[in-house]
Amino acid sequence: MRAYWEYAIAICDAGGLGYNFIYPEGSANGLTFTVSISLPNKSLAQYREFVRPLLEQLNSLGISLPIPTPKRSYGHDHNPYPPGSSHASPARRALGEVTGQTLIASRFFARSNFATPTALAEAHDAIRYLVERGNYTFHGMNYAPLASLSGNPSNAVNPAFRTTVLHAQAYQGAEHWDGRAPIISREQLSAEHERLQRHMGLWRAVTPGSGSYINEGDAQDWEWKDAFYGANYARLLSVKRKFDPSGVFWAIGGVGSEEWEVRDLDGGRREGIVMQDGRLCKV
């Protein structure tokens, strides 16, 4: 993993995407790491030239992987499959198939987390701890918004996202929902959520001032305002109050959500994780 992280900045600077998973020991996959690296607007030969140093480094560490020849062509250099070869397309999802349920949290790791051997070692150890000691599945995406392509427009994007080279996620599999109803109690789910957030504390410690992607993060992150919105939160809250003064639009972890809470149907206050099966009341 250290060898791969050392290549993360190069992937991002090439405008690419490193899409990876680390599965914990004891999972259905066992302790394994998988990655796919995509590079836009590159030929097959250019792609092979790019990944060759990484493959050579992994082989030198005793991880035996085939190293492709510098060039192989079937007349269309961008196509890795020769004419007439069979390549199965992904199976279609069945109608009615439900989305998997997970406890998930995420964090942005910045370029600075990979820029020096010391910083990279700290980031690596934090990720390793979460997988080995926390027994969570890790999902990482190495990508970066390039100012050379889009600039840095003044918008609601968390400023921390602009320096990101790893969007890291930790999650626990579908153990609390069967597609129809909860299968563990709210108290149990609250305990599992608290455990995940405690482990995320180490990621926060090595990424000071960073944040999280709200669409693939923990909506009840203990530091959700800074995580999802950063320095933009105060301005976004003023916009919210201007156009929605009554708080009609509400979501857990949304701007202004701290002004409301979900209570039991009899009005009693709840402790622990928020579940949307009660009454939404003004705080």
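Residues numbered from 1 in each chain as written. Predicted model: local features only at pLDDT ≥ 70, side-chain atom pairs only at ≥ 80, totals over all residues. Heavy atoms only, no water.

Before going further, it helps to spend a moment on the layout of surface pockets. One number sums up the size of the largest pocket: a volume of about 700 Å³. Around the largest pocket, the lining comprises 28 residues; the ones closest to its centre are M1, Y4, F33, V35 and L58. If you list the elements that add at least two residues to the lining of the largest pocket, you get helix 1 (2–5), strand 2 (32–38), helix 3 (44–60) and helix 4 (117–132). Per-element accounting of the lining of the largest pocket gives the leading share, 6 residues, to helix 3. Looking at the lining of the largest pocket residue by residue, the classes come out as 21 nonpolar, 3 polar and 4 charged. (1 Å grid on protein atoms, 1.4 Å probe; cavity = no way out; pocket = protein on both sides within 12 Å on 5 of 7 lines; lining within 4 Å. Points joined across faces, edges and corners; volume = space filled by probe spheres on them. Helix = DSSP H or I, 4+ residues; strand = E, 2+ residues; numbered from the N terminus. Nonpolar A, V, L, I, M, F, W, Y, C, P; charged D, E, K, R; others polar.)

Two elements in contact, helix 4 and helix 6 (residues 186–206), have axes separated by 9 Å at closest approach and are oriented at 175°. The angle between helix 4 and helix 6 falls in the class roughly antiparallel. The segment helix 4 lies against helix 6, with E122, A126, I127, Y129 and L130 engaging H199, M200, L202, W203 and V206. The residue makeup of the contact of helix 4 with helix 6, split by class, is 8 nonpolar, 1 polar and 1 charged. (Axes fitted to C-alpha atoms, helices over the stretch in contact; angles between N-to-C directions. Parallel < 35°, antiparallel > 145°, perpendicular 65-115°, else oblique. Contact = heavy atoms within 4.5 Å.)

Take the confidence of the model for the protein chain next. Residues with a pLDDT of 70 or more make up 88% of the protein chain, whose mean pLDDT is 86. Confidence drops under a pLDDT of 50 for residues 72–88, and excluding neighbours within four residues, the segment shows 17 contacts in the predicted structure. (pLDDT = per-residue confidence, 0-100.)

Before going further, it helps to examine unusual backbone geometry. One non-glycine residue with positive phi stands out, namely N41, at about 60°. Within the secondary structure, N41 sits in the loop between strand 2 and helix 3. The phi dihedral of N135 falls on the positive side, at around 65°, and the residue is not glycine. Tracing the chain through its elements places N135 in the loop between helix 4 and strand 4 (137–142).

Below, the discussion takes up the side chain of N142. With respect to the element layout, N142 can be found in strand 4. Here the side chain of N142 touches V165 through a polar contact of 3.0 Å, landing on its backbone oxygen. Excluding anything up to four places from it in sequence, N142 contacts Y4, W5, A8, I11, C12, G16, L17, G18, N20, V165 and L166. (Polar contact = N/O pair within 3.5 Å; in protein donor to acceptor, adjacent residues only side chain to side chain.)

By the definition in use, this model includes 14 salt bridges. Close ionic contact of R52 with E56 constitutes a salt bridge, the shortest N to O distance being 3.1 Å. Of the two residues, R52 and E56 both sit in helix 3, 4 residues apart, roughly one turn of that helix. Here E56 falls in the partly exposed class, since its relative accessible area comes to 39%. Within the structure, one salt-bridge network assembled from shared partners comprises R186, D264, R270 and D277. (Salt bridge = Lys/Arg side-chain N within 4 Å of Asp/Glu carboxyl O. Buried < 20%, exposed > 50% of the residue type's maximum accessible area, 1.4 Å probe, protein only.)

With that settled, consider the sheet that holds strand 5 (residues 164–172). Taken in spatial order, the 5 strands of this open sheet run 2-1-4-5-3, and their pairing is antiparallel. Every interior strand has two partners, whereas the edge strands, strand 2 and strand 3 (103–110), have only one. Sheet twist, expressed as the average angle between the axes of neighbouring strands with direction ignored, equals 15°. Of the strand pairs in this sheet, strand 3 and strand 5 are connected by 8 bridges, and their pairing is antiparallel. Bridged to A105 within strand 5 is A170. Relative to the sheet, helix 4 contacts strand 1 (17–23), strand 3, strand 4 and strand 5, its axis offset from that of strand 1 by approximately 40°. (Pairing = 2+ DSSP bridges.)

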